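Single-letter residue listing:
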Amino acid sequence: MIFYLCDMEKILIFDFGSQYTQLIARRVRELNVYCEIHPFHKIPMIDETVKGIILSGSPFSVRDENSPKPDLTLFRKKLPLLGICYGAQYLAQSNGGEVLPSKIREYGRANLTYVESSHPLMKNIPLKSQVWMSHGDTIKKLPENTKIIASTKDVEIAGYEFVGEKTYAIQFHPEVYHSTDGLQILKNFIVDTCNCKQNWTPNSFVESTVENLKAQLGNDKVVLGLSGGVDSTVAAVLLNKAIGTNLYCIFVDNGLLRKNEFENVLEQYKHLGLNVKGVNAKDKFYNSLDGLSDPEQKRKAIGKTFIEVFDEESNRISDVKWLAQGTIYPDVIESVSATGGPSSTIKSHHNVGGLPDYMKLKIVEPLRLLFKDEVRRVGKTLGLNDNLLGRHPFPGPGLAIRILGDITSEKVQILQEVDYIFIEGLKKSNLYDKVWQAGAILLPIQSVGVMGDERTYERVVALRAVESTDGMTADWCHLPYEFLAKISNEIINKVKGVNRVVYDISSKPPATIEWE
């Protein structure tokens with residue numbers, strides 16, 4: 001796996017397993033500074049491109065016997081260092097300070113009651129600035145040669161520094177949006193203390209990535225499985241700029257796409273100048289799913305069939321050496337456990353990445369350094385239209401994981417019609433762009449209803465719409481009652497076999513965005 005832009009100046013983030021680590025990286029990227037997340041036990045080589053280091057929070061207590069305890073002497077006093085939450089507590093504990101359990105859990109909003117405004121980290125941070133606390137331990141005693149630079153009513157040592165070195169620590173989380181001046185704190189550290197130039201931009205990414213792709217691929221042929229989504233499309237356009245007609249794109253209709261999506265996406269790709277072949281493989285996928293109702297079995301059957309279809313089509317192209325994928329940075333981060341142990345699998349991801357050895361293709365992933373919002377900005381730089389860039393995420397297994405239970409072509413057709421009414425309704429009501437992801441779910445139950453003078457016993461569908469920034473967490477959207485009433489009425493009147501519509505008001509966590 002090639003990491004592009006290895007010569008770009010960067011901030012390294014050492015991950016101790018915090019739920020907020022990705023947010024730290026996204027906030028650093030908002031400052032147009034490149035950063036990388038690394039598990040604390042896999043520290044990369046520190047070279048001249050590294051301008052500073054951030055230590056993340058953690059679900060561990062520094063007092064736990066098995067808590068992360070990295071050796072910081074390799075870069076301490078040599079590079080600017082910022083410890084956040086666990087990082088701040090570890091810096092204190094490992095240097096002679098004292099960390100004890102809080103008498104009450106320090107979680108939620110707090111306001112700064114003391115700010116050393118002359119300190120480089122706290123420049124332009126007003127008194128009473130709101131910050132977000134999330135820890136069960138607190139620093140009771142600081143190491144020698146340190147001083148407090150910020151406090152709240154309940155947390156005297158909310159921020160401190162090691163005197164005479166650029167090592168700073170804060171017990172709150174500047175990366176979360178509830179910390180109103182958090183981005184300014186990060187800017188103070190990254191731009192002013194680490195002297196980063198803020199030259200990580202979509203334009204710079206496109207230019208350097210295209211040059212790297214040219215050097216890496218030369219005259220080799222590359223095959224890419226398109227999904228119609230943002231990630232694979234942006235990856236395809238980048239590769240097309242680098243190698244032109246040596247890129248072969250395959251778009252597979254698995255029979256589980258949205259209504260008319262296969263035809264619409266192929267038409268859309270014509271305008272991008274891509275070399276695309278559409279493959280109708282509906283029957284193969286339906287046969288592989290026959291009788292399956294377990295979500296994991298369905299996902300695996302779809303993945304296996306996709307590989308078979310993709311392998312068959314790629315073999316029609318002579319001398320292909322590379323497989324391109326639209327892998328993005330969260331996929332890379334989540335594949336590595338920050339604690340060194342096995343990661344919990346919530347659900348299998350449908351990705352071409354699980355290729356069998358017999359395909360013998362090398363992998364190229366042009367977007368593996370980008371977050372989703374960065375992919376969209378790069379796409380805009382490449383000239384992709386807003387309709388494509390603004391498309392809601394759609395699961396790899398398609399409607400198969402929105403049909404609870406076994407899959408039949410009849411069920412797919414019903415759900416396609418329901419989904420079409422819902423999505424088009426959002427667009428017509430100017431709600432589509434206010435929603436991060438929306439879709440419909442066909443439930444494995446039937447309910448009694450009345451249509452005309454007749455009793456009915458037909459299917460139930462659930463509508464789902466969420467707000468999110470990256471899919472890691474999500475809140476259900478408060479769509480207008482009038483809109484929901486209109487859509488429900490239209491679905492029941494127009495989709496034969498459905499007599500009840502419900503709306504999903506669960507958030508992630510504890511639920512997931514998809515139902516399977």
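Now for a quick tour of the structure. (Residues numbered from 1 in each chain as written. Predicted model: local features only at pLDDT ≥ 70, side-chain atom pairs only at ≥ 80, totals over all residues. Heavy atoms only, no water.)

What follows concerns unusual backbone geometry. A cis amide bond links K508 with the next residue in sequence, P509, at an omega value of -15°. You can see P509 is positioned in the segment after β18 (498-503). The residue after P509, namely P510, is reached through a cis peptide bond having omega 10°. With respect to the element layout, P510 can be found in the segment after β18. Positive phi is not limited to glycine here, since N260 has a value of about 65°. Inspection of the secondary structure puts N260 in the loop between β11 (247-253) and α6 (261-270). (Helix = DSSP H or I, 4+ residues; strand = E, 2+ residues; numbered from the N terminus.)

So, on to the pairing of strand β9 (residues 167-170). Judged by which residues are buried, β9 turns out to be covered on both faces: T167 and A169 on one side and Y168 and I170 on the other are all buried. The pairing of strand β4 (residues 81-84) with β9 spans four bridges and is parallel. Each residue of the ladder has a partner; that of I84, found in β9, is I170. Relative to β9, strand β8 (residues 159-162) runs antiparallel, the two sharing four bridges. Directly across from E161, in β9, lies its bridge partner Y168. The hairpin turn running from β8 into β9, its antiparallel successor, is four residues long, and G164 in that turn takes a positive phi close to 90°. (Buried < 20%, exposed > 50% of the residue type's maximum accessible area, 1.4 Å probe, protein only. Pairing = 2+ DSSP bridges.)

With that out of the way, let us pick up the pairing of β4. Side chains of β4 alternate between two faces, with L81 and G83 and L82 and I84 buried alike. Both strand β3 (residues 50-55) and β4 contribute to a ladder of three bridges, which runs parallel. Looking across to β4, one finds that L55 is bridged to G83.

By the element assignment, S447 lies in strand β15 (residues 437-451). Assessed through its relative accessible area of 12%, S447 is described here as buried.

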